[in-house]
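Structural overview for review
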Amino acid sequence: MSRCFRKVAVFLISFSLVCFSTACANSNEAPKAHKSEKPDDLKIGLSFDSYVIERWTRERDIFCATANDLGAEVNVQSANGEVETQIAQLQYFINLKVDCIVVVAIDADALTDTIIDAKDAGIPVICYDRIIRNANADLYISFDNEGVGVRMAEAICGEIGDNSNIVEIMGPESDYNVPQVMSGFDSICEKHGQNVLLKYNCDGWRQELAYNFVNDNIEVISQAEAIMCGNDALAGETVHALAENGLAGKIKVVGQDADIEACQRIVEGTQLMTVYKPVESLAKLAAEYAVKLARHESLGTTMIFNDGTYNIPYVAIEPIAVNKDNLDNEIIESGFHLREEVYINVNMDPGKNKESSVSEEESSSEKIA
């Protein structure tokens, strides 16, 4: 499709689009955007891939609240996983002449021309969590994705030892985070001589595809000691399929995002670990940077990321490996999830069991005395 024809098609889609506005309508800390005494009518367009992944709604709310506090109104759109819809929404933001656009991209390459259009219109663009390639965005803010893969692999290798069988169930190749995560994961697994039995990409991060893949390939997968899943939603359906085949907990499963159900599976023993990414910090930082760009202020010192053509400003937040040993400290004490939610399917958490055992011992001692 020619760029000219694409613009016409996108205009027609965006014209009929029902849009809504909401005012929600270390080196990782951003220089604080100035909070003005009165609103300065800044408009920020925020486009999400979809809300299929649990974390996005949490981040949306934090981003909006932070931007509002700094004097900006946020127009939030969700593309429901449809590339053409997201392109239309971005074109709508351009036509609206917003002061900054923030994008959680569906496809690393399909949005390039539209982002270039936004920049040509003088609108700064932030790639949130996922890079848009060859677009020369004004900022890429995410987690250390290679670090995510490294932490997954370290957990697996530490549990199953060297020269074992593993399976990889990943997200879509159109999400450029996926090859970054896999680069980190494979680099560690290769050092430990792990044998990859099967690899599979779940289009659109559709978790039911992971369930189907495990069931369709159960004879081979039953020979694996561990399964790497691209996120906790895929891990959930993987564990579901394993459970139906009597293998839940026997084959070690890892994921990322620290979803509530993943944390529940960890304390239950059906998921080995997850990678916790403090999304509150990411969303807050992104909002602060968006306001600064909207006001044409300097971002301050950042790292650099090559988007395929251009070196662009980059901010990366370190992820945290979470297992049953540190889950209470990292997830519950940080307030990310509530204790009663995490331990809802087990009688007691380790801390309470310990307290209970101490009480029982004291009671026994009293009886003996």
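What counts and how
Residues numbered from 1 in each chain as written. Predicted model: local features only at pLDDT ≥ 70, side-chain atom pairs only at ≥ 80, totals over all residues. Heavy atoms only, no water. Core = buried A, V, L, I, M, F, W, Y, C linked by side-chain atoms within 4.5 Å. Buried < 20%, exposed > 50% of the residue type's maximum accessible area, 1.4 Å probe, protein only. Helix = DSSP H or I, 4+ residues; strand = E, 2+ residues; numbered from the N terminus. Phe/Tyr/Trp six-rings, centres within 6.5 Å; stacked < 30°, edge-to-face > 60°. Salt bridge = Lys/Arg side-chain N within 4 Å of Asp/Glu carboxyl O. Expected span 1.5 Å × (residues − 1). Arc of directions from axis to C-beta. Contact = heavy atoms within 4.5 Å. Polar contact = N/O pair within 3.5 Å; in protein donor to acceptor, adjacent residues only side chain to side chain. pLDDT = per-residue confidence, 0-100. Pairing = 2+ DSSP bridges. Axes fitted to C-alpha atoms, helices over the stretch in contact; angles between N-to-C directions.

**What about the nonpolar core?**
Counting 88 residues, the largest nonpolar core has Phe63 and Ile141 as its most contacted members. No other element matches helix H11 (residues 279–294), which puts 11 residues into this core.

**Side note on the packing of aromatic side chains**
Throughout the structure, instances matching the rule amount to 9 aromatic pairs. An angle of 50 degrees between the planes, with centres 5.5 Å apart, marks the rings of Phe48 and Tyr51 as tilted. With a relative accessible area of 2%, Phe48 lands in the buried category. With relative accessibility at 29%, the residue Tyr51 sits in the partly exposed group.

**So, the pattern of salt bridges**
In the structure shown here, the tally under the stated rule is 17 salt bridges. The salt bridge partner of Lys284 is Glu288, with a shortest N-O separation of 2.7 Å. With a gap of 4 residues between them, Lys284 and Glu288 both fall in helix H11, about one helical turn apart. Take Lys284: its relative accessible area is 37%, and that puts it in the partly exposed class. Overall, Glu288 belongs to the buried group, its relative accessible area being 4%. A salt bridge links Arg339 to Asp328; the nearest nitrogen and oxygen atoms lie 3.3 Å apart. Placement of Arg339 in helix H13 (residues 339–342) and of Asp328 in helix H12 (residues 327–332) is noted, with a sequence separation of 11 residues between them. Here the residues in one salt-bridge network are Arg55, Glu59, Asp129, Asp257 and Lys277, joined through shared partners.

**Points about helix H2 (residues 55–69)**
Taking 1.5 Å of rise per residue, 15 residues should cover 21 Å, and H2 covers 22 Å from first to last C-alpha, within 8% of that figure. Within the span of H2, buried status applies to Arg55, Trp56, Glu59, Phe63, Cys64, Thr66 and Ala67. Angular distribution of buried residues about the axis of H2 spans 165 degrees; they occupy a single face of the element. If you follow the buried residues of H2, they end up packed against strand S1 (42–48), strand S2 (72–78), strand S3 (100–103), strand S4 (125–128), strand S5 (139–143) and H11. Backbone geometry just after H2 places Gly71 at a positive phi near 95 degrees.

**Side note on the side chain of Thr66**
Within the element layout of this structure, Thr66 appears in helix H2. Relative accessible area serves as the criterion here: at 11%, Thr66 is assigned to the buried category. Among the polar contacts made by the side chain of Thr66, one reaches the main-chain carbonyl oxygen of Ile62 at a distance of 2.9 Å. Discounting residues that sit within four places of it in the chain, Thr66 has contacts with Lys284, Ala287 and Glu288.

**A short note on unusual backbone geometry**
The phi angle of most residues is negative, glycine excepted, and most peptide bonds adopt the trans form. Phi is positive for Trp205, which is not a glycine, with a value near 60 degrees. Counting through the fold element by element, Trp205 comes out in the loop between strand S7 (195–201) and helix H7 (207–216). Judged by its relative accessible area of 8%, Trp205 is buried. You will see that His296, though not glycine, has its phi angle at about 60 degrees, which is positive.

**Regarding the confidence of the model for the protein chain**
For the protein chain, mean pLDDT is 87; residues scoring 70 or higher make up 83% of the total. Considering only residues more than four positions removed or in separate chains, one finds that residues 1–30, a stretch of pLDDT under 50, has 53 contacts. Scored below 50 in pLDDT, residues 352–369 makes 3 contacts in the model with residues more than four places away or belonging to other chains.

**Observations regarding the sheet that holds strand S12 (residues 311–317)**
With respect to topology, 7 strands assemble into an open sheet ordered S2-S1-S3-S4-S5-S12-S11, the strand pairing being mixed. In the strand order of this sheet, the two ends are held by S2 and strand S11 (303–306), each with one partner. This sheet shows a mean twist of 25 degrees between the axes of neighbouring strands, independent of strand direction. In this structure, S11 lies alongside S12, joined through 4 bridges in antiparallel fashion. Of the residues in S12, the one forming a bridge with Asn306 is Asn311.

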